[in-house]
Amino acid sequence: MHNRSKKWGPLAMSLVLGAQLLSPLGALAADPAETGFTNGTGSLDMTKIASYASGQCDVDGGVMEIIAYNTANGHAYGVNGKSGKLTILPLNQTVSGALGGEEVDVKQAAEEADPTFAYGDMTSVAVSPDGKTLAVALQAAAYDQAGRAAFFTCQEDGSLQFLGLAETGVQPDMITFADNDTALTADEGEPRMGYGQDTTDPKGSVTILHVAQRTSQVVDFSPFDSQRNALTQAGIVLKKDTAPSVDLEPEYIAVADGKAYVTLQEANAIAVLDLASQTFTGIYSCGFEDYSQVPVDIDKKDEAYAPKTYDSLRGIRMPDGIAAFTQDGTTYLVTANEGDSREWGDEDLGTAYLNEDERDFKDGDTSPSGALTAENTGLRGKVVFFLAEDYDGLDADKDYLFGGRSFTVYQVGQQGLEEVYTSGDDFEALTAQYLPEFFNCSNDNAVVDDRSGKKGPEAESVTVGQVDGKAYAFVALERTGGVMAYDLSQPETATFVNYINSRDFSTVVEGSQVYEDGELDKWVTGGDVAPEGLAFVAAQDSATGQALLLAACEVSGTVAVYQLSQDAAPAFSDVSESDWFYEAVTYVSENGLMTGVANDRFAPNATLSRAMMVTILYRLEDQPQVSGQSDFADVPADTWYTDAVAWATEQGIVNGVENNCFAPNDGLTREQMAVILYRFAQYKGLDVAADGDLSAFPDGADTAPWATEAMVWAVDTGLIQGAEGGSLAPQGTSTRAQAATVLARLCQSWNR
């Protein structure tokens, strides 16, 4: 359920005064390359304060991949898939500018400890909660052989002392700690040699590792082989003619309350592992993004953000990263819905397999179901669909895309997992707003719309952390780049608060260019490209005294260090604690609803204009696409409020005043505000039924007939209260202080 179709929380309105909003409503944000787009106007500031550069980059990724932080010694540890070594980053002293790092040759230590183990590569790193032990996941050189977990003692100076190895399942891709003496690996078991008589599809599993003894227990999905039909009927996606024990491929693990929650990316599911009994207790579908309701941009030819809905189309969420957190005694899971295709084997050996179904609408192709054609959609380019005919658990009448271009929040309950929130089209809408020239570009180029036909911005990983007592989700976008931040104070109404992208789209790393047929095909841009792994550092564990977010970027080979801080409400010289509107102004300032007209002035008695009001609501809705300019003679084509007026008019939220005029600069009257809010509530699908009348006010009868119903509702809900002397003053203009009070009441009452 995408929360903006129902209600919103206070911080959702941080969009109102976003980085691109012009001066009538607030100041512009600073350079987005180093700061978050809503810094200074939202509730959470994100600022890049330091970075590490490995000196390596790769258009295909795989350089700096996963990052972990040790709270005991203040060092971070990063997996470099290019060098095959573990990088140690000192973050225990000054954290600014370019960071140095040391490397540890894990391969050498592993092969010396166990000559029978043929080292393949290192995939993941984790640190125990007490900071005493570090673990890395190692895959074997042979794709169907057991892997290893290597354990090290962490020294105070950040250095590592090798402890030993423990065997894991096949292809351990992620490692984490459940407690100080228990680690877990997600063992993918991919059929990397494809499908055929002489190939193997290894079993996916989770390995439970006992650190002190370096012993392990591999737990696979064999008990579910007899439940295959029940799984697919519940929406678990399985390849036809395969057993769940070999087809399920664990990707990522989050631990909470004695249970491990394991993403099964290709199956679009989450498995629950009880650590005490060492058994899987259930497998649950992650659901689908419904593109008949949620707009999506799958047209890569128009070079612009042009989202549409398609009745037959769904996104298979296929989460990669997962995080767990607890709120008011309830456990929640957060997933980054990346999507992933299967491409294995060797064409020469006849074992090749690819489950992508690419259709080129320019050539007259249709979608797999036949429901989407060039004629009925306007599509002219290539779209990569999921090869649904090879799988059970899907609807044959639907078309499916890889991934959900979103993140989702699930509540853990007695009956399994319940979806309570999904971000829907946020990531595409927000990146289009803040980076219109690079919307849906890829991590190996900077071409606008390049990924629209295939997974979009691609949510890769997610972590959750508390900043000043408030829980936030941080979601990395692998393709476009950057990290989205959402307030999780109320998980059912998670709200966007900031986005930072420290990728430098204007530069190209020398020597990174790849040519095809004489033309430039791929290249690495400057800055931080393709964040793969995230690590949150709480303020009490940070050398800066403020929370940090570490992002390991696999294409640029860098690690970005972002500092996080709650954005305090500005001190306004014209607002004091004794003012009746003090709390309301503080609320809207802290939550990004309104900023001052200058650095130290709020101008509480200044009049709020009609244009300002509709722009606030338009920004709240993430600036939806409009079909054209409004017909009002006094609304020019290129003003800061042009699209807002067109949108509000299209949705029936606002009308003109007279003579084909909108009067954008006229002061907003109290009865006009009531009508606009009333219609906006209807647009949001909220209940606007109200009982009562306006007879309690001496001038209630002065309310215009066209505004009476709305004013009754606004008074009944407490949004509008009496003015000076107990009057209603329906034709009186609304001041900025009054608007702040109404907006604060609106958010606080509708977010209960």
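None of these values were measured; they are calculated from a predicted model.

A. Representation of the overall build of the protein within the structure. Scanning the protein for helices and strands turns up 11 helices and 42 strands. Here the protein has a C-alpha radius of gyration of 27 Å; the compact-globule value for 752 residues is 27 Å, and the two agree. Reported as C-alpha extents along the three principal axes, the dimensions of the protein are approximately 90 × 60 × 55 Å. Each of the 752 residues in the protein was classed as buried or not, and the buried ones make up 59%.

B. Structural context of the packing of aromatic side chains. Under the counting rule described, the total for this entry stands at 30 aromatic pairs. In textbook terms, an aromatic cluster arises when at least three aromatic residues are bridged by ring pairs, as seen for F37, F407, Y421, F427, Y434, Y486, F496 and Y499. One cation-aromatic arrangement involves K239 over Y353; the distance from NZ or CZ to the ring centre is 4.9 Å.

C. How the structure looks around the nonpolar core. L608, M673 and W713 are the most contacted members of the largest nonpolar core, which totals 56 residues. At the level of elements, α6 (582–590), α7 (610–620), α8 (642–650), α9 (670–683), α10 (705–716) and α11 (736–750) are the ones that each hand at least two residues to this core. Each residue touching M673, except ones within four places of it in the same chain, is listed here: L608, M613, L668, S734, A739 and V742. Core analysis: the second largest hydrophobic core is formed by 33 residues, M174, L231, A260 and C286 among them.

D. The arrangement of the pattern of salt bridges in detail. Within this structure, the stated rule accounts for 22 salt bridges. For the salt bridge of E428 with R405, the shortest nitrogen-to-oxygen distance reads 2.7 Å. Note that E428 is positioned in helix α5 (residues 426–434) and R405 in the loop between β29 (399–402) and β30 (406–413), a separation of 23 residues in sequence. Here E428 matches R405 in class, with each residue buried. Salt bridges sharing common partners tie together R451, K455, E458 and R479.

E. Focus on the pairing of strand β40 (residues 531–537). For β40, the buried fraction is high: 7 of the 7 residues fall into the buried class. Here 6 bridges tie β40 to strand β41 (residues 547–553), and the two strands are oriented antiparallel to one another. Each bridged residue has a counterpart across the sheet, and for L534 the counterpart in β41 is A551.

F. Local environment of the sheet that holds strand β13 (residues 205–210). Strand order in the open sheet formed by 4 strands is β11-β12-β13-β14, and the pairing between neighbours is antiparallel. The open sheet has two edge strands with one neighbour each: β11 (172–179) and β14 (215–220). Sheet twist, expressed as the mean angle between neighbouring strand axes with direction ignored, is 20°. As judged from the 6 bridges shared by strand β12 (residues 182–187) and β13, these two strands associate in the antiparallel manner. From the neighbouring strand, A186 faces β13, where its bridge partner is V206.

About the thresholds
Residues numbered from 1 in each chain as written. Predicted model: local features only at pLDDT ≥ 70, side-chain atom pairs only at ≥ 80, totals over all residues. Heavy atoms only, no water. Helix = DSSP H or I, 4+ residues; strand = E, 2+ residues; numbered from the N terminus. Rg over C-alpha atoms; globule rule 2.2 N^0.38 Å. Buried < 20%, exposed > 50% of the residue type's maximum accessible area, 1.4 Å probe, protein only. Phe/Tyr/Trp six-rings, centres within 6.5 Å; stacked < 30°, edge-to-face > 60°. Lys NZ or Arg CZ within 6 Å of the ring centre and 35° of its normal. Core = buried A, V, L, I, M, F, W, Y, C linked by side-chain atoms within 4.5 Å. Contact = heavy atoms within 4.5 Å. Salt bridge = Lys/Arg side-chain N within 4 Å of Asp/Glu carboxyl O. Pairing = 2+ DSSP bridges. Axes fitted to C-alpha atoms, helices over the stretch in contact; angles between N-to-C directions.

Take it as geometry only, folks, not as evidence of what the structure does.
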